[in-house]
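Observations on the three-dimensional arrangement
Each chain, written out:
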Amino acid sequence: MKKRCLSMLLLFMFIIGMSVPAAASKGNAYRFLDLTEIDPDSSTTRVEAVSLDDGLTADVNSKIISNDPDVYVNSITVHPIIAVYEGEQGTMYIINDITRSVRFTSKGQFQSLNLTNAGLQSVIKELSTGVANDPTLAGKKVLFVGWDVSSVFTCIAESPQYIEYTPTSTCINGTATKRITVTGKHTQVTVDEYFFMPENINDYYHVGVRGSFMFIRTSGPNSGQQGGFGISAGLTVNSDKR
């Protein structure tokens, strides 16, 4: 599955490089990229729910929680994903050294990190330089194939239940709906998913997750009943081309 999937990428993904490192010819120092390998056959990606209740004073906690549930996106961070080929066998890696991020100053359930075409070209330039200066990649075909998208949500409720979300269609690990249990009244949930790019790298596109935060209402006429808010977060590439 892994070999077949990555072989298909050769048909349309953006080739970053396949040569002797540039440092060898330009006198630059070699620099090893910080890479994390991805298993595309695994359905497991990184999700994390951290309760912040212990870090809040009683007064602040009661002010934040009250009886009014809330959810919003704190931040979105992305890293490029490359496929490195030795012959026909390819392996995918997240490049941790190269990142783009946004931290939102206003609360919003639906947020996106917007990358213009100029911003995309800046990422490609960093990729090309990084690959050229890493001696471990010398002589290997390296392709820019997608994005690691990490979204942080803050969930607030007296009686929280879970976040349920579905990744967009190009998710490397599949598009099955996933559920994260939320136990703290004030909890940060991190959702980290991997996505392929479309065939044309310069097309407008969006990758990310969409779902809902569910809780039990503890006041008002609907007390004891389940409630929920919609959520979405992701990366919009070539945002200036729509």
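Residues numbered from 1 in each chain as written. Predicted model: local features only at pLDDT ≥ 70, side-chain atom pairs only at ≥ 80, totals over all residues. Heavy atoms only, no water.

Turning next to the overall build of the protein chain. Within the protein chain, the regular secondary structure consists of four helices and 13 strands. For the protein chain, long-range pairs separated by at least 24 residues make up 79% of all intrachain contacts whose partners lie at least 6 apart in sequence. (Helix = DSSP H or I, 4+ residues; strand = E, 2+ residues; numbered from the N terminus. Contact = heavy atoms within 4.5 Å.)

Right, let's talk about helix α4 (residues 117-132) for a bit. Structurally, the α-helix is built with 3.6 residues per turn, so residues lying three or four positions apart point the same way. Here α4 contains 16 residues, and its C-alpha end-to-end distance of 22 Å stays within 8% of the 22 Å for a straight helix at 1.5 Å per residue. Taken together, the buried positions of α4 are occupied by N117, G119, L120, V123, I124, L127, G130, V131 and A132. (Expected span 1.5 Å × (residues − 1). Buried < 20%, exposed > 50% of the residue type's maximum accessible area, 1.4 Å probe, protein only.)

Another point: the sheet that holds strand β9 (residues 160-167). Strand pairing in a sheet relies on backbone hydrogen bonds. The paired strands run either parallel or antiparallel. Taking strand neighbours across the sheet as the criterion, the five strands line up as β7-β13-β12-β9-β10 in an open arrangement whose pairing is mixed. At either margin of the open sheet sits one strand with a lone partner, and together these are β7 (110-115) and β10 (178-181). Each neighbouring strand pair of the sheet contributes to a mean axis angle of 15 degrees, computed without reference to strand direction. Across 12 bridges, the pairing between strand β12 (residues 205-216) and strand β13 (residues 226-237) is antiparallel. The residue bridging Y205 from the neighbouring strand is V237, located in β13. (Pairing = 2+ DSSP bridges. Axes fitted to C-alpha atoms, helices over the stretch in contact; angles between N-to-C directions.)

With that out of the way, let us pick up the pattern of salt bridges. In the structure shown here, the tally under the stated rule is six salt bridges. Across the salt bridge formed by E164 and R179, the nearest N and O atoms sit 2.7 Å from each other. Taken together, the residues E164 in strand β9 and R179 in strand β10 connect sequence positions 15 residues apart. R179 gets classed as partly exposed once you look at its relative accessible area, which sits at 49%. Between K178 and E193 there is a salt bridge whose closest N-O contact spans 2.9 Å. (Salt bridge = Lys/Arg side-chain N within 4 Å of Asp/Glu carboxyl O.)

Here we come to unusual backbone geometry. Positive phi outside glycine occurs at N238, with the angle close to 55 degrees. Mapping N238 onto the fold places it in the segment after β13.

Here the focus is the environment of D192. Among the secondary structure elements, D192 is positioned in strand β11 (residues 186-196). When the C-alpha positions of D192 and G208 are compared, they lie 9.2 Å apart, and in sequence the two are 16 residues distant.

A full pass over the atoms with the stated rule returns three aromatic pairs. With a centroid separation of 5.3 Å and an interplanar angle of 80 degrees, the aromatic rings of F144 and W147 are classed as edge-to-face. No difference in accessibility class separates F144 from W147, as the two residues are buried. Centroid distance F215 to F229: 5.3 Å. Interplanar angle 45 degrees. Geometry classified as tilted. With F215 in strand β12 and F229 in strand β13, this pair connects stretches of sequence that are 14 residues apart. With relative accessibility at 0%, the residue F215 sits in the buried group. Classification of F229 by relative accessible area gives partly exposed; the value is 23%. (Phe/Tyr/Trp six-rings, centres within 6.5 Å; stacked < 30°, edge-to-face > 60°.)

A few words on the nonpolar core. Formed by 44 residues in total, the largest nonpolar core has its most connected members in W147 and L235. Core analysis: the next-biggest nonpolar cluster, separate from the first, contains 11 residues, I38, I81, V145 and I172 among them. (Core = buried A, V, L, I, M, F, W, Y, C linked by side-chain atoms within 4.5 Å.)

Summary statistics for the protein chain give a mean pLDDT of 83 and a share of 79% for residues scoring 70 or more. Low confidence marks residues 1-12, where pLDDT is under 50. Its contacts with residues over four positions away, or in another chain, come to 26 contacts. Note that residues 19-25 has pLDDT below 50 and, in this model, 18 contacts with residues that lie over four places away or in other chains. (pLDDT = per-residue confidence, 0-100.)

What follows is about the pairing of β11. A regular strand carries its side chains on alternate faces of the sheet. Burial of β11 is extensive: 10 of the 11 residues sit out of reach of the surface. Summarising the sheet, strand β8 (residues 141-156) and β11 pair through 11 bridges and their orientation is antiparallel. Bridge pairing in β11 links C155 to T187.

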